[in-house]
Amino acid sequence: MNTKGTERISEQGANEIKVETVDIQSPPGENKEPRMENVGVVHLTHDGSSSGNKGGVLAGAADAVGKAFQATKDAISGSGPGSNK
């Protein structure tokens with residue numbers, strides 16, 4: 001297999017590795033030739049220390065869900081910021 005790749009830093013600061021390779025797909029059934037197709041795959045890795053986003057996208061989403069849940073809980077119970085209790 002002949003695979004080659006390039007590496008660069010994207011505009012967003014992510015390390016981008018592009019690999020040119022071959023996708024081999026075997027159709028179901030007997031005595032059928034596999035299909036070969038040239039494909040490009042891009043791998044993005046983000047350095048948490050340079051982007052300021054420790055933990056990545058899922059950690060940020062989990063934090064936002066937690067804050068929304070707490071705000072809803074406070075609104076229902078009447079406690080939290082802005083309440084007179």
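Residues numbered from 1 in each chain as written. Predicted model: local features only at pLDDT ≥ 70, side-chain atom pairs only at ≥ 80, totals over all residues. Heavy atoms only, no water.

*Asks:* Explain the overall build of the protein to me, please; I cannot follow it from the model alone.
*Replies:* Tallying secondary structure elements over the protein gives two helices and three strands in all. Relative to its 85 residues, the protein shows a buried fraction of 6%. The contacts of the protein with a sequence gap of at least 6 include a subset with a gap of at least 24, amounting to 21%. (Helix = DSSP H or I, 4+ residues; strand = E, 2+ residues; numbered from the N terminus. Buried < 20%, exposed > 50% of the residue type's maximum accessible area, 1.4 Å probe, protein only. Contact = heavy atoms within 4.5 Å.)

*Asks:* Sorry, what's going on with the sheet that holds strand S1 (residues 4–9) here?
*Replies:* Strand pairing within a sheet occurs via backbone hydrogen bonds; the two strands may be parallel or antiparallel. The strand order across the open sheet formed by three strands is S1-S2-S3, and the pairing between neighbours is antiparallel. Since the sheet does not close on itself, it has two edges, and those belong to S1 and strand S3 (35–45), each with one partner. In this sheet, adjacent strand axes meet at a mean angle of 25° when their direction is disregarded. Two strands pair when backbone bridges link them, and strand S2 (residues 15–25) and S3 are joined in this way by 11 bridges, in the antiparallel orientation. Bridged to Lys-18 within S3 is Val-42. (Pairing = 2+ DSSP bridges. Axes fitted to C-alpha atoms, helices over the stretch in contact; angles between N-to-C directions.)

*Asks:* Could you clarify how one ought to interpret the confidence of the model for the protein in this entry?
*Replies:* Low pLDDT means the predicted coordinates in that region are not meant to be read closely. In this model, the protein carries a mean pLDDT of 79, and residues with pLDDT of at least 70 account for 76%. Confidence, read as mean pLDDT per element, is least for helix H1 (residues 48–51) in the protein (49) and greatest for S2 (88). (pLDDT = per-residue confidence, 0-100.)

*Asks:* Please explain the pairing of S1 as it appears in this structure.
*Replies:* In terms of burial, S1 is a largely surface element, zero of the six residues being buried. With six bridges joining them, S1 and S2 adopt antiparallel strand pairing. What sits directly across from Glu-7, in S2, is Ile-17. Hairpin connection between S1 and S2: a loop of five residues separates the two successive antiparallel strands, and Gly-13 in this loop has a positive phi of roughly 90°.

*Asks:* Quick question: what am I supposed to make of unusual backbone geometry here?
*Replies:* Leave glycine aside and you will find that most residues have negative phi; peptide bonds, for their part, are mostly trans. If you check the backbone angles, Asn-31 has positive phi at about 60° while not being a glycine. For Asn-31, the location among the structural elements is in the loop between S2 and S3. Residue classification places Asn-31 among the exposed positions, given a relative accessible area of 82%.

*Asks:* How should I be thinking about the environment of Met-36 in this particular structure?
*Replies:* On the secondary structure map, Met-36 appears in strand S3. Spatially, the C-alpha atom of Met-36 lies 5.7 Å from that of Asp-23, the residues being 13 residues apart in sequence. Discounting chain neighbours no more than four positions away, the residues touching Met-36 are Val-22, Asp-23 and Ile-24.

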